[in-house]
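# Tertiary structure, described
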Amino acid sequence: MINCNNSYKRIFKRFDEDRDGKLSPSQLFHFLETIGELQLPMEEARELMDPNGNGLLEFEEFVGWMEREVKLGDEERKIKELREAFRMYTMEGSECITPKSLKRMLSTLGESTSLEDRCVMIG
């Protein structure tokens, strides 16, 4: 956590141009623009990142937002990896694992199974 906190401090200081310990709306805009997070309207982004509603983003709020974003990124990466793994077991044009597609994948792994076993695996 210390390493993350130090990284967050460096990032925060990079955008806190007036060194007042808070990001103003323009500094927040610059930060969001730099990291490619301008999909949300600025007001909506400020509401998400500024829970105390003072219009400025303090370091603690910044850390909270960064940690939520990192966690979200990890979850999105896991979902992507699961989808890629699932696709390995499906046939082209199919959105489900069939006994035939499972046989193909298991064969590439050097496994030989009966149709009955594959049906049990699929459930």
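Structure: see above.
Residues numbered from 1 in each chain as written. Predicted model: local features only at pLDDT ≥ 70, side-chain atom pairs only at ≥ 80, totals over all residues. Heavy atoms only, no water.

## Structural notes on the overall build of the chain
When its secondary structure is counted, the chain shows six helices and two strands. Starting at the N terminus and ending at the C terminus, the chain contains elements arranged as α-β-α-α-β-α-α-α. The buried share among the 123 residues of the chain stands at 23%. A separation of at least 24 residues holds for 35% of the contacts in the chain among residues at least 6 apart in sequence. Working note: accessible area of the chain is about 8,800 Å², and carbon and sulfur atoms make up 55% of it. (Helix = DSSP H or I, 4+ residues; strand = E, 2+ residues; numbered from the N terminus. Buried < 20%, exposed > 50% of the residue type's maximum accessible area, 1.4 Å probe, protein only. Contact = heavy atoms within 4.5 Å. Areas by Shrake-Rupley, 256 points an atom, 1.4 Å probe, with all protein chains shown as cover.)

## Some points on the packing of helix 2 (residues 25-35) against helix 4 (residues 59-88)
Packing of helix 2 against helix 4 brings their axes to within 14 Å, and their N-to-C directions diverge by 20°. Overall, the two elements helix 2 and helix 4 adopt an arrangement that is roughly parallel. At the point where helix 2 passes helix 4, the crossing takes the right-handed sense. Facing helix 2, whose interface residues are Phe31, Leu32 and Ile35, helix 4 presents Phe62, Trp65 and Met66. (Axes fitted to C-alpha atoms, helices over the stretch in contact; angles between N-to-C directions. Parallel < 35°, antiparallel > 145°, perpendicular 65-115°, else oblique. Left-handed = near helix turned anticlockwise from the far one by under 90°.)

## Overview of the nonpolar core
Formed by 13 residues in total, the largest nonpolar core has its most connected members in Tyr8, Leu23, Phe31, Phe59, Phe62 and Met66. The biggest single contributor to this core is helix 4, with five residues. With residues near it in sequence (within four places) discarded, Tyr8 still touches Phe59, Phe62, Val63, Met66, Glu67 and Val70. (Core = buried A, V, L, I, M, F, W, Y, C linked by side-chain atoms within 4.5 Å.)

## Here we look at the packing of helix 5 (residues 99-108) against helix 6 (residues 115-122)
The relative placement of two packed helices is expressed as an angle between their axes plus a distance between the axes. Interaxial distance between helix 5 and helix 6 falls to 9 Å at its minimum, and their mutual angle equals 105°. When the axis of helix 5 is compared with that of helix 6, the two are roughly perpendicular. Residue-level inspection shows Pro99, Leu102, Lys103 and Leu106 of helix 5 in contact with helix 6, the latter providing Leu115, Arg118, Cys119, Met121 and Ile122. Split by residue class, the contact of helix 5 with helix 6 holds seven nonpolar, no polar and two charged. (Nonpolar A, V, L, I, M, F, W, Y, C, P; charged D, E, K, R; others polar.)

## Details of helix 5
Of the positions making up helix 5, those classed as buried are Ser101, Leu102, Met105 and Leu106. Down the axis of helix 5, the buried side of the element spans an arc of 130°, and every buried residue falls inside it. More than 90 degrees from the buried face of helix 5, the exposed residues found are Lys100 and Thr108. Looking at the buried side of helix 5, the elements it contacts are helix 4 and helix 6. Positive backbone phi, approximately 85°, marks Gly110, located one or two places after helix 5. (Arc of directions from axis to C-beta.)

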